[in-house]
Amino acid sequence: MQISRKIAGFLAAVAAFMIFEWINLGFNLADGHPTAFYVVHGILIAVNIVVAIVLGVIGLRGLAKRPKGPSM
């Protein structure tokens with residue numbers, strides 16, 4: 001499967017944003033919530049980090065394998 005450089009760059013950027021955003025959310029969770037709140041948010045954070053890693057790998061592979069010049 002081949003993807004364009006724009007799509008590959010977009011996937012890499014989305015992955016970076018997702019990792020930043022979800023790790024930031026993890027650090028900003030305030031104390032005083034029931035345990036279930038932390039379990040659910042921990043699962044959400046873990047799943048979204050995995051999705052971000054997968055998107056990042058796809059995006060970076062797409063950027064690495066595509067030629068930089070115009071194709072003929």
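Before any of the text, the structure's been laid out above.
All figures in this text were calculated on a predicted structure; none of them were measured in a lab.

Trainee: Please give an account of the overall build of the protein that cites residues and values.
Mentor: Counting secondary structure elements, the protein contains two helices and zero strands. Residue burial in the protein is summarised as follows: out of 72 residues, 18% are buried. Taking as baseline every contact in the protein between residues at least 6 positions apart, the subset at least 24 positions apart corresponds to 73%. Summed over its atoms, the accessible surface of the protein is roughly 5,600 Å², and 71% of this surface lies on carbon and sulfur atoms.

Trainee: I'd love a proper account of helix α2 (residues 35–65), names of residues and values included.
Mentor: End to end, α2 covers 45 Å across 31 residues, agreeing with the expected 45 Å (1.5 Å per residue, within 8%). Within α2 the residues assigned to the buried category are His41, Ile45, Asn48, Ile49, Ala52, Gly56, Gly59 and Gly62. Check the buried side of α2 and you find it contacts α1 (5–28).

Trainee: Residues and numbers for the environment of Gly59, please.
Mentor: Tracing the backbone shows Gly59 in helix α2. Residue Gly59 is classed as buried on the basis of its relative accessible area, which comes to 0%. Between the alpha carbons of Gly59 and Ala8 there is a distance of 4.1 Å; along the sequence they are 51 residues apart. Other than its neighbours up to four places away in sequence, Gly59 contacts Ala8, Leu11 and Ala12.

Trainee: Lay out a nonpolar patch on the surface in plain terms, naming residues and giving numbers.
Mentor: Among the surface-exposed residues, Ile19, Ile23, Phe27, Ile53 and Val57 lie close enough to one another that they form a single nonpolar patch of about 470 Å² accessible area. Looking at the nonpolar patch, the elements with two or more residues in it are α1 and α2. The element contributing the most residues to the nonpolar patch is α1, with three residues. When you line up the elements, Ile53 lands in helix α2.

Trainee: A description of the side chain of Asn48 should follow, citing residues and the corresponding values.
Mentor: Within the secondary structure, Asn48 sits in helix α2. In contact with Asn48, not counting residues within four places along its chain, are Met18 and Trp22.

What counts and what doesn't
- Residues numbered from 1 in each chain as written.
- Predicted model: local features only at pLDDT ≥ 70, side-chain atom pairs only at ≥ 80, totals over all residues.
- Heavy atoms only, no water.
- Helix = DSSP H or I, 4+ residues; strand = E, 2+ residues; numbered from the N terminus.
- Buried < 20%, exposed > 50% of the residue type's maximum accessible area, 1.4 Å probe, protein only.
- Contact = heavy atoms within 4.5 Å.
- Areas by Shrake-Rupley, 256 points an atom, 1.4 Å probe, with all protein chains shown as cover.
- Expected span 1.5 Å × (residues − 1).
- Patch = residues over 30% accessible without salt bridge, like charges linked within 9 Å, V, L, I, M, F, W, Y side chains within 5 Å.
- Salt bridge = Lys/Arg side-chain N within 4 Å of Asp/Glu carboxyl O.

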